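Structure at a glance
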Amino acid sequence: MASAGVVFQSVPDLNDTTKLTSPWCSSCSGSYRIFDQFTLTTSETITGFSVALYSPAPYWGQGLNFSIWSVGAGAQPGTQLFSQNLADADFTTQTLQYNALIATTDDVAGLTLGAGTYYASFYNYDLAVWGYTGGGGKLLQQSNQFHTGTSAGFILTGGDHSVPEPTSLALLGLGLLGAVGVSRRRA
C-alpha cells in the first residue's frame, strides 16, 4: 500500500501564526501572481499540496490554479511545466486565525518532477497567499519584487512512500525463518 508523504515543506510549521507576515496578492485583480521556489533532491510524483491563504471572500472561495515553472534568467520564473485548476470542492480547509486558513488537496494529477529547483504558483483572480518569515523558499510577486526573507507557506505531498502489505511481511518473515533453518542445519 502506498501513502503520500511530504515531498517539500517551505516553512517548518504552517500552523505557526507568529510567523505570518503579509497576505501577498496572487493576483488581486491584476498581474501579481505569487511564485515561490522549491528544490527536490530526487525525482518525485506530486499528488497534493497544502497552502496558507488569506481567507475572507472574495480571496478564497473561487478555487485556484496550481502550476509549476522552471527557473529562468535572473532567477525569474521561466517556462510553465504544469498547470491544474482546482475547485473549492477539491480542498479541505483548516482555520488558522480569523483571516487565514490552510487549504489542502490530494487531487493533483499527473505531476512528476525530476531532481532540481522549480517555482510553485498558487493563483486566481482575487487570491492572496500568506507569507511566512524564514523558510526555504524565495517568494516572488510578479510585476513587483522578490520578498527577501519571506516564503509562501506550502507543503507538497506525494512520492511513493510504500507501506508493506501484511501478506508481504508474512512472506518476508517465512523467508527469514527458512534462511535461519538452513544455516542451522549447515552448522
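Everything that follows concerns the structure shown earlier in this document.
On a predicted model such as this, the values are computed, not experimentally measured, just so you know.

Within the secondary structure, D126 sits in the loop between strand 10 (116-123) and strand 11 (128-133). One buried charged residue, D126, remains without a salt bridge, the closest side chain of opposite sign being R33 at 14 Å. At a separation of 3.2 Å, a polar atom in the side chain of D126 contacts the side chain of S29. Apart from residues lying up to four places away in sequence, D126 is in contact with C28, S29, P58, Y59 and Q62.

Further remarks concern the nonpolar core. With 31 residues, the main nonpolar core has F38, F49, L64, F66 and F122 as its most contacted residues. With four residues, the top contributor of residues to this core is strand 4 (residues 44-54). Beyond its immediate sequence surroundings of up to four residues, F38 is in contact with F8, I68, L113, G116, T117, Y118, Y119, A120, F154 and L156. Core analysis: the second largest hydrophobic core is formed by 10 residues, L20, A52, I102 and I155 among them.

Once that is clear, we can look at the state of the cysteines. For the structure on display, the rule yields one disulfide. A sulfur-sulfur distance of 2.1 Å marks the disulfide that ties C25 to C28. What sets the handedness of the C25 and C28 disulfide is the S-S torsion sign, and at about -85 degrees it is left-handed. For C25, a relative accessible area of 23% puts it in the partly exposed group.

Mapped onto the secondary structure, W60 falls in the loop between strand 4 and strand 5 (64-71). Put simply, W60 and D88 are 28 residues apart on the chain and 8.5 Å apart in space, counted from C-alpha to C-alpha. Excluding its chain neighbours within four sequence positions, the residues that come into contact with W60 are L53, Y54, S55, D88, F91, T93, L101, A103 and L127.

Turning our eyes to something else, we now look at the sheet that holds strand 13 (residues 145-146). Strand order in the open sheet formed by six strands is 6-5-10-3-12-13, and the pairing between neighbours is antiparallel. Here the strands that pair on one side only, and so sit at the sheet edges, are strand 6 (77-86) and strand 13. Here strand 5 pairs with strand 6 via seven bridges, running antiparallel. Within strand 6, the residue paired with N65 across the bridge is N85.

Locating Q84 in the fold gives a position in strand 6. When its relative accessible area of 15% is taken as the criterion, Q84 is described as buried. Within the structure, Q84 has its side chain in polar contact with the backbone oxygen of D107 (distance 2.8 Å). In contact with Q84, not counting residues within four places along its chain, are L64, N65, F66, D107, V108 and A109.

Calculation notes
Residues numbered from 1 in each chain as written. Predicted model: local features only at pLDDT ≥ 70, side-chain atom pairs only at ≥ 80, totals over all residues. Heavy atoms only, no water. Helix = DSSP H or I, 4+ residues; strand = E, 2+ residues; numbered from the N terminus. Buried < 20%, exposed > 50% of the residue type's maximum accessible area, 1.4 Å probe, protein only. Lys, Arg positive; Asp, Glu negative; His and termini not counted. Salt bridge = Lys/Arg side-chain N within 4 Å of Asp/Glu carboxyl O. Polar contact = N/O pair within 3.5 Å; in protein donor to acceptor, adjacent residues only side chain to side chain. Contact = heavy atoms within 4.5 Å. Core = buried A, V, L, I, M, F, W, Y, C linked by side-chain atoms within 4.5 Å. Disulfide = S-S within 2.5 Å. Pairing = 2+ DSSP bridges.

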